[in-house]
Amino acid sequence: MLFTALFSCKQESLETTKDKAQFIVDQAIKTHGGEAYEQLEVSYKFRKGTYSIHNQGAEFEYTRSFEKDGQRIKDIVNNAGFERQIDGQTISVPDTMVARYSGSVNSVNYFAQLPYHLNDAAVNKTYEGTTTIKDKTYQVVKVTFDEAGGGEDFDDVYYYWFAAENYQLDYLAYSFHVNKGGVRFRSAYNIRTIDGIRFQDYVNYKAAKDTPLADLPKLYEAGELEELSRIELENIEVKRAE
């Protein structure tokens, strides 16, 4: 209770919604792994692919490996751009497909590291107040993105619900516009800490396309959201990047 009270007093002194949102995200990153994200190597399995994360300060490299038609395909995204390898050989990829492939690799690794990337330069954060989900108080942060540096889906909007008592990210939601658009709500489960990094899986729910993101917790509690899929990370291995 003392932990919550101290941080609540600190938040009261912050003047703007941006300041409050920044404070909450900073605390959440500390809770989920903090400086451990900065020098890190992670590998894990997600669905039919094997993914890896390599963070070394401002340098990063994300990969996805999978088999298709008897070939071993590896997609690599790093500070230099995108590369696809087939059976160990780099191939040429049409510009129209680079954004799709790299976006897919980025998306999975982005969610695996949340809330770490909420301090990226293209992220805009605002504080949306508090709400209660299943008798637990949450601080709500809304996120939008600048077009420059915000990726292919820069116009998506996200909401994050952080537990007021310890700043853990328990729920998130987003609206998107690709593939005719939609609204999703995710609830964290199977929470575990591996070598200082908090990992969690999500139940992925679908809502009506025009549902306001702020309304999703009530619909979730009422059982009115449709379960769409499970976001499950398997065989997680963590080590510090060298």
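Please read these numbers as outputs of a predicted model, since none were measured by experiment. (Residues numbered from 1 in each chain as written. Predicted model: local features only at pLDDT ≥ 70, side-chain atom pairs only at ≥ 80, totals over all residues. Heavy atoms only, no water.)

Quick look at the overall build of the protein
For the protein, the helix and strand inventory stands at 4 helices and 14 strands. Burial status across the protein gives 46% buried among its 242 residues. By sequence separation, contacts in the protein at least 24 residues apart represent 48% of the contacts at least 6 residues apart. Only carbon and sulfur atoms are counted for the fraction: they give 46% of the accessible area of the protein, which is about 12,900 Å². (Helix = DSSP H or I, 4+ residues; strand = E, 2+ residues; numbered from the N terminus. Buried < 20%, exposed > 50% of the residue type's maximum accessible area, 1.4 Å probe, protein only. Contact = heavy atoms within 4.5 Å. Areas by Shrake-Rupley, 256 points an atom, 1.4 Å probe, with all protein chains shown as cover.)

A short note on helix 3 (residues 95-113)
The end-to-end C-alpha distance of helix 3, which contains 19 residues, comes to 27 Å, matching closely the 27 Å that a straight helix rising 1.5 Å per residue would cover. Regarding helix 3, the residues found buried are Met97, Ser102, Val105, Val108, Asn109, Tyr110, Phe111, Ala112 and Gln113. (Expected span 1.5 Å × (residues − 1).)

Re the sheet that holds strand 10 (residues 169-176)
The antiparallel open sheet is built from 7 strands, whose spatial order is 7-8-9-10-11-12-13. Lying at the two open borders of the sheet, with one neighbouring strand each, are strand 7 (123-133) and strand 13 (226-231). Adjacent strand axes in the sheet meet at a mean angle of 25 degrees, parallel and antiparallel pairs treated alike. Those strands touched by helix 2 (residues 17-32) are strand 7, strand 8 (136-145), strand 9 (157-163), strand 10 and strand 12 (197-207), and its axis lies near 80 degrees from that of strand 7. (Pairing = 2+ DSSP bridges. Axes fitted to C-alpha atoms, helices over the stretch in contact; angles between N-to-C directions.)

A word on the environment of Phe66
For Phe66, the position within the fold is in strand 3 (residues 59-68). Considered as a pair, Phe66 and Tyr51 are 15 residues apart in the sequence and their alpha carbons are 9.1 Å apart. Phe66 has contacts with Lys48, Gly49, Gln71, Arg72, Ile73, Asp75 and Arg84, leaving out every residue within four places of it along the chain.

Thoughts on the pairing of strand 3
Strand direction decides the pairing type here: strand 2 (residues 49-56) and strand 3, joined by 7 bridges, are antiparallel. What sits directly across from Thr50, in strand 3, is Ser65. The loop that links strand 2 with its antiparallel partner strand 3 comprises 2 residues; one of these, Gly57, has a positive phi angle of about 65 degrees. Of the pairings in the sheet, the one linking strand 3 to strand 4 (residues 71-78) comprises 8 bridges and is antiparallel in character.

Structural notes on the confidence of the model for the protein
Looking at the protein as a whole, its pLDDT mean stands at 90, while 89% of the residues score no less than 70. Note on residues 1-7: pLDDT is under 50 here. Beyond four places in sequence and across chains, it has 8 contacts. (pLDDT = per-residue confidence, 0-100.)

Here we look at the pairing of strand 8
Remember that side chains alternate between the two faces of the sheet whenever the strand is regular. Both strand 7 and strand 8 contribute to a ladder of 9 bridges, which runs antiparallel. Note on strand 8: the bridge partner recorded for Thr131 is Tyr138. What sits between the antiparallel neighbours strand 7 and strand 8 is a turn of 2 residues, in which Lys134 has the positive phi angle 50 degrees. Inspection of the sheet shows strand 8 paired to strand 9 by 6 bridges, in the antiparallel sense. The partner of Val143 across the bridge, within strand 9, is Tyr158.

Remarks on the nonpolar core
Soluble, globular proteins show a tendency: their nonpolar side chains are buried together. With 45 residues, the main nonpolar core has Tyr44 and Tyr160 as its most contacted residues. No other element matches the 6 residues that helix 2 contributes to this core. Discounting chain neighbours no more than four positions away, the residues touching Tyr160 are Tyr110, Leu114, Leu118, Gln139, Val140, Val141, Val143, Leu169, Tyr171 and Leu172. (Core = buried A, V, L, I, M, F, W, Y, C linked by side-chain atoms within 4.5 Å.)

Quick notes on the sheet that holds strand 6 (residues 89-91)
Pairing is antiparallel across the open sheet formed by 7 strands, whose spatial order is 6-5-4-3-2-1-14. Edge positions in the open sheet fall to strand 6 and strand 14 (234-239), since each of these has one partner strand only. The average undirected angle you get between the axes of adjacent strands in this sheet is 20 degrees. Here strand 5 (residues 81-86) runs beside strand 6; their pairing, made up of 3 bridges, is antiparallel. Paired with Arg84 across the strands is Ile91, a residue of strand 6.

Brief notes about the pattern of salt bridges
If you walk through the whole model with that rule in mind, you get 9 salt bridges. One salt bridge in this structure joins Asp170 and Arg198, with 3.8 Å as the shortest N-O distance. Linking Asp170 in strand 10 with Arg198 in strand 12, this pair joins segments that are 28 residues apart in sequence. By relative accessible area, Arg198 is classed as buried at 7%. A network of salt bridges, in which partner residues are shared, links Lys136, Glu165, Asp170 and Arg198. (Salt bridge = Lys/Arg side-chain N within 4 Å of Asp/Glu carboxyl O.)

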